[in-house]
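Summary of the model geometry
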Amino acid sequence: MPSLITFEEALELGEAEGQDAIGEIVERAWAVRQEHFGDSTDMCSLVNAKSGGCAEDCGFCAQSRYAEADTPMHAMLSPDQILEHARAAEAAGAHRFCMVTQGQGLSKRDFDSIEKGARLVAEHTNLKRCVSIGHISPTRARKLADAGVQRVHHNVETARSYYDEVTSTVRYEGRIRTIDAVRDAGLETCVGGILNLGESRRQRVEMAFELAEVNPTSVPINLLNPRAGTKFGDRDLMDPWEVVKWVAIFRLIIPEALFRLCGGRVENLDELQPLAVKAGLNGVMMGNFLTTLGAEPADDREMFEDLGLNVARQPDNGSNPRPDNREGWLDGESPRTPVDELIDSQAEANFWDPSTQLRVVKKKRRPPAYPRPAATRDESR
Ligand code: SF4
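The numbering scheme is per chain: residues are counted from 1 as the chain's sequence reads. Only residues with pLDDT of at least 70 are given local features in this predicted model, and only at 80 or more are side-chain atom pairs given and counted; all residues enter the totals for whole chains, interfaces and linings. Hydrogens and water are ignored here; the side-chain numbers use all heavy atoms of the structure.

**A word on helix H2 (residues 19–37)**
The helix count covers DSSP runs of H or I at least four residues long, the strand count covers runs of E at least two residues long, and both are numbered beginning at the N terminus. A helix is expected to span 1.5 Å multiplied by its residue count minus one. Under the 1.5 Å per step criterion, the end-to-end length of H2 is 26 Å for 19 residues, consistent within 8% with the ideal 27 Å. Those residues of H2 lying buried are Ile22, Ile25, Val26, Ala29, Trp30, Val32, Arg33 and Phe37. Projection of H2 onto a plane perpendicular to its axis shows the buried side chains occupying an angular sector of 165°, all on one side. Relative to its buried face, H2 has exposed residues pointing more than 90 degrees away, namely Asp20, Glu24 and Glu35. We call two residues in contact when some of their heavy atoms are within 4.5 Å. Its buried side turned inward, H2 meets helix H1 (7–14), helix H9 (240–253), strand S9 (258–261) and helix H11 (273–278). After H2 finishes, the residue Gly38 shows a positive phi value of roughly 55°. Burial classification: accessible surface area is computed with a 1.4 Å probe over protein chains only, and a residue below 20% of its type maximum counts as buried, one above 50% as exposed, and the rest as partly exposed. Note: the arc covers the axis-to-C-beta directions of the helix.

**Some remarks on the packing of aromatic side chains**
Centre distance and the angle of the planes are the two values used to describe a pair of aromatic rings. Put simply, two rings from Phe, Tyr or Trp (the six-membered ring, in Trp's case) pair if the centres are within 6.5 Å, and we call them stacked under 30 degrees between planes, edge-to-face over 60, tilted for the rest. All chains considered together, the criterion is met by three aromatic pairs. Consider the rings of Tyr66 and Tyr370, whose centres lie 6.1 Å apart with planes at 20°: the pair is stacked. With a gap of 304 residues between them, Tyr66 in the loop between strand S1 (44–50) and strand S2 (71–73) and Tyr370 in the segment after strand S11 (359–361) connect regions that are remote in the sequence. If you follow Arg65 out to its NZ or CZ, it ends over the ring of Tyr66, 4.9 Å from the centre. Directly above the ring of Phe111 sits Arg140, whose terminal nitrogen or CZ lies 4.3 Å from the centroid. A ring is scored as having a charge over it whenever the NZ atom of a lysine or the CZ atom of an arginine sits within 6 Å of its centre and within 35 degrees of its normal.

**Regarding the site of the ligand**
All residues in the neighbourhood of the ligand are listed as Cys54, Glu56, Cys58, Phe60, Cys61, Ser64, Gln102, Gly103 and Gln104. Broken down by class, the residue content of the shell around the ligand amounts to four nonpolar, four polar and one charged. We call a residue near a molecule or strand whenever a single non-hydrogen atom of that residue lies within 4 Å of it. Residue polarity follows a fixed list, in which Ala, Val, Leu, Ile, Met, Phe, Trp, Tyr, Cys and Pro are nonpolar, Asp, Glu, Lys and Arg are charged, and the others, Gly among them, are polar.

**Re the pattern of salt bridges**
We define a salt bridge as a side-chain nitrogen of Lys or Arg found within 4 Å of a carboxyl oxygen belonging to Asp or Glu. Enumeration according to the criterion identifies 20 salt bridges in this entry. In this structure, the salt-bridge partner of Arg151 is Asp42, at a minimum N-O distance of 3.1 Å. With a gap of 109 residues between them, Arg151 in strand S5 (residues 151–153) and Asp42 in the loop between H2 and S1 connect regions that are remote in the sequence. Note on accessibility: Arg151 and Asp42 belong to one class, buried. Here Glu242 ties to Lys245 by a salt bridge, and the two come within 2.7 Å at their closest N and O atoms. Placement of both Glu242 and Lys245 in helix H9 is noted, with a separation of three residues, approximately one turn of the helix. Residue Glu242 shares its accessibility class with Lys245, and that shared class is buried. Through salt bridges with shared partners, a single ionic network connects Asp42, Arg96, Arg151, Glu188 and Arg260.

Here is the structure:
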């Protein structure tokens, strides 16, 4: 479906200031969200299945070897450990569960663990399965589909014209190749990025239209949570009304995607999170993020329910915003959900918890300097 606004209109909306003007954009985005998805939601949760010591130079990421920050490390989790965290996600009311690893390519052994973990999650929970494991070949994409993975996450991170400022070692073209391989294997795509990396307003609009071109099933929006010692560690948080405005603008540009708000939502939005939901979100990342803490399950569910949205776990693994959401992956019936009552707080289940599970390792040597970007930055705002 084409965008509901033109590039120029999006630029104009991007200049909107003040709560009344932004409120009007939110009402428009809310109507679009209602029209396309009714009261359904698509809530997810993740496990950081392997963390730290990454060879890439993404400027927002503490796991990069280029960051001066201490490294948040842990070795690859076993398939059973992955399942444990999936059970917690299910108890929180998440509909889908993403297994995430650092870097851009897994060893055969680590890839096997992800495959086995995905199979266990499919056998023992009612969660849909997603992975985020960096670049993926067509062969691996097919193996993931065989293991019951339904959706693969691989961000573009930012606008193409700003991309060189964000990373020089992970090529944009490689990302697009992975997204193509995932789609060719019959899997759904989850492609988004991070706001507030220093991109201009025009570049935000560019990114949204580039995402519309990619046409992913799902679009995660992250908000920079500046990590000390990373390239973008000194940046300020976003103004929460700006966040809400951009969520709404993205919704108007990509009306049919499943939008979710992920990392940085708590720090950047605080009390305005419910308004961001109204600006067009289908879900949020429940539980914790890769290296930072998230919110309580009951609070997240309430945010959606207060708007009349349905967060209930349903026989088809949760929301069914697209009729083909669970067709064609695994044979047989979905297992009966072994959870009778949802939990309200993270303390009640074994969530992925970066505050206890990550080993923070001091770098022994001074890290290499972030490479200088090749492209000239567009400073227009
Ligand atoms: S975002 Fe991923 S690929 Fe980039 S540095 Fe962090 S772990 Fe590595």
